Every structure is written in structure tokens, then in C-alpha cells.
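Reading the structure
The residues making up each chain are set out below.
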Amino acid sequence: MTVTDVPLANPSPATARRRGRGIVPVIPALAVVVLVFVIPVLALLLRSVLEPEPGLQNYAAFFGSTTYLKVLGNTFLVAGTVTLATVLLGFPVAWFLAIAPSFWSRLLFAIIILSMWTNLLARTYAWMVLLQRTGIINRTLMDLGLISEPLPLINNLAGVTIGMTYIMLPFMILPLHATIRAIDPAVFQAAALCGASRWQAFTRVMLPLAASGIAAGALMVFVMSLGYFITPALLGGTSNMMLAELIAQLVQSLLDWGLAGAAALVLLVVTLAIYLVQLRFFGFGQARS
Amino acid sequence: MLLDFARLGPWRVVLIVIAVLVGAYLLLPILLIVALSFGSSQWLQFPPPGWTLRWYEELFDDPEWIASFLTSFQIAAVVTVLSVVIGLMASFGLTRGEFRGREVLRALFLTPMILPVVVLAVALYAFFLRLHLNGTFLGFVLAHLVIALPFSIIAISNALERFDRDIETAAIVCGASPLEAKIRVTLPGIRLGLISAAIFSFLASWDEVVIAIFMASPDLQTLPVRIYSTLRQDLSPVIAAVSTLLIALTAALMALAALFRKDARS
Amino acid sequence: MTFLEISNISKTFGNVAAVNDVSLDIAQGEFVTFLGPSGSGKSTTLYMIAGFFEPSGGDVRLGGRSILAEPSNKRNIGMVFQRYTLFPHLSVAENVAFPLRVRRRSAAEIGRKVEEMLALVRLEGFADRMPAQLSGGQQQRVALARALAYDPPLLLMDEPLSALDKKLREEIQDEIRRIHRQTGVTILYVTHDQEEALSLSDRIALFNHGRIEQLGKGRELYEAPRTRFVADFVGHSNFLDCTITRSEGESADIVLPDGGMLSGISLHGAAVAGARAGLMIRPDRLRLSPLGQAAEPGIDAVLSDATFIGETYHFVLATGWGASVNVRMPASRVRPDEVTMGAHMQLHWEATDARLFCH
């Protein structure tokens, strides 16, 4: 395309050229987001410093209690483990997808998309069945004589981690795949001509080039895992709660709105901080995908 | 070398093994559900001792399952229409408007998608308690609309940004009024964006469970709420039947999306 | 007779003047090209006529009536864009029919007109194709048919050939010329390609920095450029630095850096003795002779490069003070034994082919 004098892409029609042009069609969406999102969330957060009386006692209670700190610890532990597992499994898969013969990469792609789109409850149900004491995994292992007692795979953090890794894998693979696809294969020919072995080409060329994709995917998986509710609620145990479950329980069973608000704020602050890091380093595109 | 599958050497074996294992990890649970839904064992034995349609019969004979299915569908349908219309308007404003704070607004519109749903669920539950909207159709629609709108705005904004605006200008020079040009030229031009906005909005509402768990009343339950509360009690094979239907729906939507992509390419 | 009258229009974006007091009268049936580098204001002027921009000042009258108050869709102007801008979801026939449909014409008229237009652009068999199934050249012909379908009195073309490759460009240029002859429509054409402008237009308006630098037939711009910019932009030029020793009206005497004197050269712009100026001579108006053989004004120079490019020879010579001069000569007039690197030659020219432009 040749450059014209003025890009016609944003002409300002002769009729209306005022500041604020085009804001009107945004109003309905803005109204929905403000009324059904901004106000309720702010109201909840406010309750954390107003109930039962004004002050920071809810935060003192949250950070002063070993129970709640353990919940926070569980949350970070699970999110961290899930992130690590998705990176280790997701990187080779993304790599495979980028270079494998098209039939195989398309097949795997279809599986990933199908899994990602399948109802979350259906997938969690499958893992509940698989991980039970008398479930397929335990029975197979016992039949093979590898174990004599069923492994405790469900109602604990192990079950939560297995189930969440399953759910988060596509969110790691897809952005990583895009990053690896964008690498010019010629750089590896250049590396080879420069005398680099496969291993050197991997550690000195491939990993640095894929680093931004790995970091973006890892941040996204980590932050999504932090706030996850359904999978921990169904695969986890009552003694090893995660933060989202705690918030739900504070509201549903204990009716402690102040403390729930405080826990929600902690979750929001961590989430937003990680998103800001992501925005700062990788732009908005990654955060959206 | 590293991006050439044929010349990957021994690394190729490693990649293939991991890809096969991950593929199995992602696919087998889904196949398992489908198999169990036709299996005759109440206790979810695998491989099933026999095959049966009993769980589907139980499902379709239970008016509560049917009711929750219909509720979910109605809510999702209304949410889809609202989300596409409001999202279309907002996308026009966001991509073409010339007002200050456009980028801030865009970020605000996408926030409901990135924040933990449980926070929104608890917040909305409290808010709707005062407005007496919990357990109402309107309450569900409003809540799911907030979840669906970001998907709609992303899909339509992307399509609008890719759409060559000179084509709309050309229609206006040809004599069409600005509105007529938008309806006759721009909307058909971004139809793929509109379709994916509709699909994503529908799924966002249809699959939404966290907010629904808080808001649901015994009289008005969406399908995910019903699955969730059943799951908390036992792992009935009826859930496998419901899940299989949901998987079939997903596969159908995927096929539909693939078809539209092919259509767009030709 | 004036048909389109552009009087004193200006356009400022912020505090940048994109178009600065441009006036131009165009007769019915005329083909006028706005030529100029990017950012010169040529497209902005076109967009003001189309109604995409509101002028900051001035007026545009079509057939004696101001059109500025009318929105684009009421101006009844045809336009062909840089990219093809066909409606991707409509067939070729439906694209051409679109302006007639929005004008609520009868089905019979639409059918007849579409057929006529497709015949005009020689795409009779393509009515049912979709735009994506056409080549770039075919798409631009459909765009042309669509723009002419409602018989607009004025057709605007905004760099319509820039997305096409060279061979196709020449082909479509011929089509545009033919269609202009056949329909008699008044055409305003924007391009940055001088050859395109020269081959298509009745008149060219050369834009620079938001103003019309010179308006005239292509040959006038080439042979009698009024400013150094025109001389430089239209065709190729050599500029030799020199100092004016005496000026009188439109004629001046100069001294070259090596002390050589030349007199009676036609001068543009006022100049006083001692002013620095550029001596402009077209490469194809220069001749080369062995030293001392020419009687005309001349400069001694050394042959430093010679390239044979088919019909012509392209020589580069270095003057005594280090300036380089390009010369183009028909290959038939060059004897092979003349082409010796490092040979001392004399450059000479007809007095009327040299021009002086003050700095």
C-alpha cells in the first residue's frame, strides 16, 4: 500500500467533529458494567472495612489467623505447581504443534480445543470418577501390582492439582504455540552454521526466543489458578481449602461479609498486580488471548 | 533444525511421546464420560459390564433436569442477543469513537473476564439480595451479561478493526446514508465476528456456574447448578449422560465454527 | 466553461496546514491529475471534494452550486479508491448495482445498467463472481464500473493503480483513457507517479506543501517548469550550482564554480547579482562531444560511468569541480569508440533548454 497524504481510515465526516464523538453507543455497555460489576464489587470491598464496624480488623483477622494464612499458602502452592506442570508439559506440546506433520498437529489441536470448550463440570466430573478410591486409576495400579493400597488422589491438593493442570493446559499451549510459530526457522540454520550443537541451539536460541511466550502463559495460568473455585471445591478436601472456596464459605456458611470482603480484596490485589506485570511486559494482546 | 520435524533427531521421539501423553491426558477423560454414560454399571465400572440407555431415560424422565436445561437455554439465548447488540454498539464506539479515555473504557469492559469469578459471584449475590434479584430470570441475565460482554466486545472489535473502513466510505460515496452503509456493508463484512461473539456469549452464559450457584433458588436452577449440586452428593451416571450431551453440543459448535472459518477462507 | 470550481480551499489539522489556499477551475469532460509527493495535500483536497473532510475555508462548486453543505452520499460523485473497496459479500453484479439499489431504481433499470457497465469495463462474463475470485486488475475495473453506474458528473480516483503491478497498471491506464473518452465524464485523479499523470491527464496540478506549485499540461510542466521543485519532480534533471553575475528581466548571466561563464539563461524568480542559483538541464537535452569541437555553451567534464539500457545510453560525467552530471542519449547516436572511461568530453546544450532557479 502506498502512503496517502492523510490516512482515510480515520476520516472525520464533515458533519460531526466534536470531542466526545462516538461515545453514545458505548453507554449501554458502560451502564451494564458499572451497575452489575463495578458497584457490586466496590460495595463488597467496602464491607471489608465497614463491617462489623469501621476499621481494619478484618484484615488483621485474615492475616493473623494461621488457618487463613494456610489457605493463602495452599492457593499459592497449587497455583505454582499447576503453572510449573503446564509449562513443562505445554512447551513440548506447543513445539510439537508448531512443526509436526499437519495431520497430527491438527488432530492434537482439535483435541485441545475440544477439551477447552467442554463444560468445566463435565471435565471435573471425569476426574472425580478417575481419581476416586475405587476409581480407574487406583484399580489399574492395584491390578498391575504397583500399589497394594489405593492412593489418596481425591479430596486433597493432589487431586486439585491434577484436575487444574488438566484445565489450564490449553491456556499455556495456545499462546506458546503462537510464540514458537513466530520463530524464523532460519535462525537455527544460522546457529548450526555458527557451530552450535542441538542442545546449545535449544538453550541459547530457542528458549530465549520463546521466553516471552512462556512468561505470558505462566502468568495467565497462575493468575487464573489463584481464583479458581469449581475444581478445588469438587476435587479438594475440606481441610485443604483454597482462597476462592474460603470466600464462598465465609459468605454461605458463616455470613461473615466483612472477612469475605477482605479475602476478596486480597485475591483481587494479587490478581490485578500480576495482570499489570503482564500488561507492562507483554502488552494487552497476550492478556486477551 | 529445531523447527524442522524431520531433522529433529532423537528429540523427535521425546516430543512425540509427550505429545501423545498430553493428547491422551486431554482426550481420555472426555471419552471416559461418554463411555460411562452408556455403561450399565451404577458404580461407574470401567470397562462397563454392559451397555444401556437407562441414564438418558432417567435424565429425560426427570422434569427437574428438563426444567434446568430449558432455564439455561432461555437465559443463554437472551444473554446472547443482548451481548451481541450491546457489544456491537460498544465496539463501534471503542474502535471509531474519538473521545478521551477510550483505552480506559476498553480495559474496564474486559475486566470482568480477568477477575476471579468468585469475587463477582459473592459481590452480585450481596447486591442482588437488596434488589431482590437473586433467583430471578432478570438477575441471571444481568449477571451472565457481564460475563459474556467482554467476549462479545473482543470478537466484534477485532472484526471491526480488520474491516477496511474505506469499504464503508465507498458505500457512502455510492449514495448510501451512513446508517444504510453500516447495515448493508459493514455488518455483513464483520459477520464472522458477530457469529463468534454470539457463540462465545452463549457458551459464557450456558457454562457459567459460580455466579449461578450463589444466585440460584430452588425454583430457578440452571443446568450447571443442577449438575454441581448433584455432584456434591454422588457421582450418578446420569451426570455422565448430561455431560455427554454437553460434549456433543461443544463438538457441534466447534464444527460450526470450523465451517464458518472455511467459508471465510473461500 | 467552468464545471468544477475549487476556490481558496484550505484544511488544517491541529496547527498543520495540509491544504493551503488551493484554487482550481476544471472544465466539463476534463481529466485533471493531482500529482505530488505524499503529504503534499493532493489527497486531502480530493477528500474535501468527496466530503470526507470539511474544509477549514474556501468553497467547492459543482455546476455553479456549492456542494460543501451536502454529505458525501448526497453529492452524487463517483469515486475509485486506492484499495479496491469492493463489498466482499456481494457479487460483481451486486457491487455495481449497489449505488442504484440505494437510489431505489427499478429492477429493470438496474439490470440494464449493470450490463452496460460490465460491458464498459469488459467484464461481461463476470457478473456472478465474488470479488475474492477476481484478480486485482479485475477488482479495480469492477470498482470503476460501480463508481460510474449512476452516471455521476464527476469521478474521483485516489491512486487507483497503486496496488497493482507495473504491467497491470499500464493495462488499466489504457482502460481508464478509453472509458474517459467513451463516457466523457470529468475525472479528478490523484497519484504520486509522474508517468501515470503524464500519460493520462489533460492537465496536471502539481502539489507541494499544501499548495499547487504549477498547473498546466504535462508538456508545459516538463518543458517549462516554473520552480525548481517542478523541474525536479517531473522528469529527471541535473542541477549545477552557480552564482548569478548579472540579471535582467527573465534572463541572467552566471559563473560556474570553475570560473566558466555562461550568459543569457532564462531565469525564474527575481535575483540580484551575487545570488546563488541552480542551473537546470534535462539529461536528454545534453549532448557530448570530444573536447573543443562544439561552438555552443559547454562545460568540460570527465566520463565516469556509462550504462547501456536498451534504447538509450546513460552517462555520468564529473565536472572539474566535482559535480556529477547525468546524460541520456539514444543508443543510435552513440559511437562505441566514444565510450571511454576517463575521457575528457564537452557537455553542451541548446540555450533554450537551460533554466536558472534561485535558491
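The name given to chain C in an unreviewed UniProt entry is Putative spermidine/putrescine transport system ATP-binding protein, with Ancylobacter aquaticus as the source organism. Taken directly from UniProt, the Sequence similarities (unreviewed entry) text for chain C runs: "Belongs to the ABC transporter superfamily."

Per an unreviewed UniProt entry, chain B is named Putative spermidine/putrescine transport system permease protein, and its organism is Ancylobacter aquaticus. Recorded in UniProt under Sequence similarities (unreviewed entry), the annotation for chain B is "Belongs to the binding-protein-dependent transport system permease family."

With that out of the way, let us pick up the overall build of chain C. Of regular secondary structure, chain C possesses eight helices and 20 strands. With respect to the three principal axes, the spread of C-alpha positions in chain C is 80 × 45 × 35 Å. Burial analysis of chain C (359 residues in total) assigns 51% to the buried set. A sequence separation of at least 24 residues applies to 67% of the contacts in chain C between residues at least 6 apart. Put simply, chain C has 38 plus and 43 minus side-chain charges, and the middle of one group is 6 Å from the middle of the other.

On to the UniProt feature "domain: ABC transmembrane type-1" (unreviewed entry) in chain B, then. Sequence positions flagged by UniProt for "domain: ABC transmembrane type-1" (unreviewed entry) are, in local numbering, residues 69-257 of chain B. Between the first and last C-alpha atoms of residues 69-257 of chain B the distance is 23 Å; the span itself is 84% helix and 0% strand.

What follows deals with the packing of aromatic side chains. Within this structure, the stated rule accounts for 34 aromatic pairs over all chains. Connected via pairs of aromatic rings, a cluster forms that spans Phe91, Trp95, Trp199 and Phe202 of chain A together with Trp11 of chain B. For Arg103 of chain C, the ring lying beneath its charged end belongs to Tyr150 of chain C, and the centroid distance is 4.0 Å.

What follows is about the pairing of strand E9 (residues 203-208) of chain C. Residue and element names in this part refer to chain C. Burial analysis of E9 places six of its six residues in the buried class, the great majority of the element. Sheet analysis places strand E3 (residues 31-35) next to E9, joined by four bridges and oriented parallel. Residue pairing across strands places Val32 opposite Arg203, the latter belonging to E9. Pairing analysis gives five bridges linking E9 to strand E10 (residues 211-216), with the strands arranged antiparallel. Of the residues in E10, the one forming a bridge with Phe207 is Ile212.

Those residues of helix H2 (residues 54-61) of chain B that fall on the buried side of the exposure criterion are Trp55, Tyr56 and Leu59 of chain B. The arc that holds the buried residues of H2 of chain B, viewed along the axis, is 100°, so those residues lie on one side.

Right, let's talk about the UniProt feature "domain: ABC transporter" (unreviewed entry) in chain C for a bit. Here, the residues flagged by UniProt with the feature "domain: ABC transporter" (unreviewed entry) are residues 4-234 of chain C. For residues 4-234 of chain C, the end-to-end C-alpha separation is 25 Å, with 36% helix and 26% strand making up the annotated structure.

So, on to the UniProt feature "transmembrane region" (unreviewed entry) in chain B. All names here are of chain B. Taken from the UniProt record, the annotation "transmembrane region" (unreviewed entry) applies to residues 12-38, 65-95, 107-129, 135-156, 192-215 and 235-260. The span residues 107-129 is 91% helix and 0% strand, and its two end C-alpha atoms sit 28 Å from each other. Secondary structure content for residues 235-260 is 92% helix and 0% strand, while the C-alpha to C-alpha distance between its ends is 37 Å.

Here we come to the interface of chain B and chain A. Chain B puts 91 residues into the contact, and the matching count from chain A is 90 residues. Summing the contributions of chain B and of chain A, the shared interface buries around 8400 Å²; its carbon and sulfur component is 80%. At the junction of chain B with chain A, the criterion picks out zero salt bridges. Here chain B and chain A share seven residue pairs in polar contact (both at pLDDT 80 or more) between them. A per-element tally of the side of chain B that touches chain A places helix H1 (residues 10-38) of chain B first, with 16 residues. Looking at the side of chain B that touches chain A residue by residue, the class counts come to 72 nonpolar, nine polar and 10 charged.

Residues and elements named next belong to chain A. One way to put it is that helix H2 (residues 57-64) packs onto helix H3 (residues 66-99) with a least axis distance of 5 Å and a crossing angle of 70°. Classified by the angle between their axes, H2 and H3 sit roughly perpendicular to one another. Where H2 approaches H3, its residues Ala61, Phe62, Phe63 and Gly64 are matched on the opposing element by Thr66, Tyr68, Leu69 and Leu72. Its residues assigned to classes, the contact of H2 with H3 comprises six nonpolar, two polar and no charged.

Let us now look at the packing of helix H2 (residues 92-102) of chain C against helix H4 (residues 136-148) of chain C. Residues and elements named next belong to chain C. Contact pair H2 / H4: the axes reach a minimum separation of 7 Å and the direction vectors enclose 30°. Regarding the angle of H2 to H4, the classification is roughly parallel. Viewed along their axes, H2 and H4 form a crossing whose handedness is right-handed. Residues Val92, Asn95, Val96 and Pro99 of H2 pack against Val142, Ala145 and Arg146 of H4.

Residues and elements named next belong to chain C. By domain assignment, chain C separates into domain 1 (2-231) and domain 2 (238-358). Inter-centroid distance (C-alpha atoms) of domain 1 to domain 2 is 40 Å. Contacts between domain 1 and domain 2 engage nine residues on the former and nine residues on the latter. Taken over both partners, the interface formed by domain 1 and domain 2 buries close to 850 Å², and the fraction arising from carbon and sulfur atoms is 48%.

All names here are of chain C. With respect to the helices and strands, the residue Thr191 is situated in strand E8 (residues 186-191). By relative accessible area, Thr191 is classed as buried at 1%. In this structure the side chain of Thr191 is engaged in a polar contact, spanning 2.9 Å, whose partner is the backbone nitrogen of Asp193.

Bringing the pairing of strand E1 (residues 2-13) of chain C into the picture now. All names here are of chain C. Note that E1 and strand E2 (residues 16-27) share eight bridges and pair antiparallel. For Phe13, the partnering residue across the bridge sits in E2 and is Val16. Between E1 and the antiparallel strand that follows it, E2, lie two residues; Gly14 among them carries a positive phi value of about 60°. Bridge count between E1 and strand E4 (residues 57-62): five bridges; the pairing is antiparallel.

Definitions and cut-offs
Residues numbered from 1 in each chain as written. Chains lettered and ligands numbered in written order. Predicted model: local features only at pLDDT ≥ 70, side-chain atom pairs only at ≥ 80, totals over all residues. Heavy atoms only, no water. UniProt positions renumbered as here; feature names shortened; annotations may be inferred. Helix = DSSP H or I, 4+ residues; strand = E, 2+ residues; numbered from the N terminus. Buried < 20%, exposed > 50% of the residue type's maximum accessible area, 1.4 Å probe, protein only. Contact = heavy atoms within 4.5 Å. Lys, Arg positive; Asp, Glu negative; His and termini not counted. Charge placed at Lys NZ, Arg CZ, Asp CG, Glu CD. Phe/Tyr/Trp six-rings, centres within 6.5 Å; stacked < 30°, edge-to-face > 60°. Lys NZ or Arg CZ within 6 Å of the ring centre and 35° of its normal. Pairing = 2+ DSSP bridges. Arc of directions from axis to C-beta. Buried area = accessible area lost by both parts, 1.4 Å probe. Salt bridge = Lys/Arg side-chain N within 4 Å of Asp/Glu carboxyl O. Polar contact = N/O pair within 3.5 Å; in protein donor to acceptor, adjacent residues only side chain to side chain. Nonpolar A, V, L, I, M, F, W, Y, C, P; charged D, E, K, R; others polar. Axes fitted to C-alpha atoms, helices over the stretch in contact; angles between N-to-C directions. Parallel < 35°, antiparallel > 145°, perpendicular 65-115°, else oblique. Left-handed = near helix turned anticlockwise from the far one by under 90°. Domains from an automatic or database assignment.

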